[in-house]
Amino acid sequence: MDRDDLILMMEAGYIYLGMKKFKEAKKVFEGVAVLTPKSEVPLVAIGAVYFGQLKYDQAIRMYRKALRMVPESPFAHAYLGESLFFKGEKQAAVKELNKAADLDPKGKSGDFAKTLLEAIHNGFEPPQPGSNPPPSAASK
C-alpha cells in the first residue's frame, strides 16, 4: 500500500479519536497495523485510543508491544511515559520520558516528553478518576 494512503488512514483514525469515536479509531489503527507489521506507529495509536478511554493498563501494554517491535522508538517511550504518569507511576514515567527526550532531543516526541517532564517537575498531578478526562492524543 502507498505511504500516502497509510498516512491518510492514520489521519482518519486520529479524527475518529478526536471525536471520541474510540471503536472506529481502534479499527482504523488495527487495519494500519496489519498493513504495516514492522511499524510501531499504529500500535502507539491504538494505545492512544485506550488512553483516551482512561484505560491506562491497556494503553501501557500496547506501548510496550510497540517497544518490543522498535525498542528505540521515542514516540512509544513518550506515550508510555504519559500513560504511566496518568496511572500514578511517576518514577517509571520520568524514566520513559527521559528516554524519549534523549532519543529525540529536537523532534516532536522529545519535545512532548520534555513538556511532560517539566509539568511533572512543576508539581502537575494528573486528574483523578471521575474528574475531567485527559486531553486526547489527537490534540497533542
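How each quantity is defined
Residues numbered from 1 in each chain as written. Predicted model: local features only at pLDDT ≥ 70, side-chain atom pairs only at ≥ 80, totals over all residues. Heavy atoms only, no water. Helix = DSSP H or I, 4+ residues; strand = E, 2+ residues; numbered from the N terminus. Rg over C-alpha atoms; globule rule 2.2 N^0.38 Å. Buried < 20%, exposed > 50% of the residue type's maximum accessible area, 1.4 Å probe, protein only. Salt bridge = Lys/Arg side-chain N within 4 Å of Asp/Glu carboxyl O. Axes fitted to C-alpha atoms, helices over the stretch in contact; angles between N-to-C directions. Parallel < 35°, antiparallel > 145°, perpendicular 65-115°, else oblique. Left-handed = near helix turned anticlockwise from the far one by under 90°. Contact = heavy atoms within 4.5 Å.

1. Section: the overall build of the protein
Each helix and strand in the protein was counted, giving seven helices and zero strands. Compactness check: the protein gives a C-alpha radius of gyration of 14 Å against a globular reference of 14 Å for 140 residues, within 12% of the reference. Expressed along its principal axes, the backbone C-alpha trace of the protein runs to roughly 45 × 35 × 20 Å. Burial statistics for the protein: of 140 residues in total, 44% are counted as buried.

2. Some points on the pattern of salt bridges
A side chain with one charge may pair with a side chain of the opposite charge, provided their charged atoms come close. Taken as a whole and judged by the stated rule, the model has six salt bridges. Where Lys 99 meets Glu 72, a salt bridge forms, and the shortest distance between an N and an O atom there is 3.5 Å. Placement of Lys 99 in helix H6 (residues 90-103) and of Glu 72 in the loop between helix H4 (56-69) and helix H5 (74-87) is noted, with a sequence separation of 27 residues between them. Between Glu 89 and Lys 87 there is a salt bridge, with its nearest N and O atoms 3.0 Å apart. The network of salt bridges with shared partners includes Asp 57, Lys 87 and Glu 89.

3. Quick notes on the packing of helix H3 (residues 41-52) against H5
Relative orientation of the contacting elements H3 and H5 amounts to 15 degrees, with a least axis distance of 10 Å. The angle between H3 and H5 places the two elements in the roughly parallel class. Relative to H5, the crossing made by H3 is left-handed. From H3, Val 41, Val 44 and Phe 51 reach across to H5, where they touch Phe 75, Ala 76, Tyr 79, Glu 82, Ser 83 and Phe 86.

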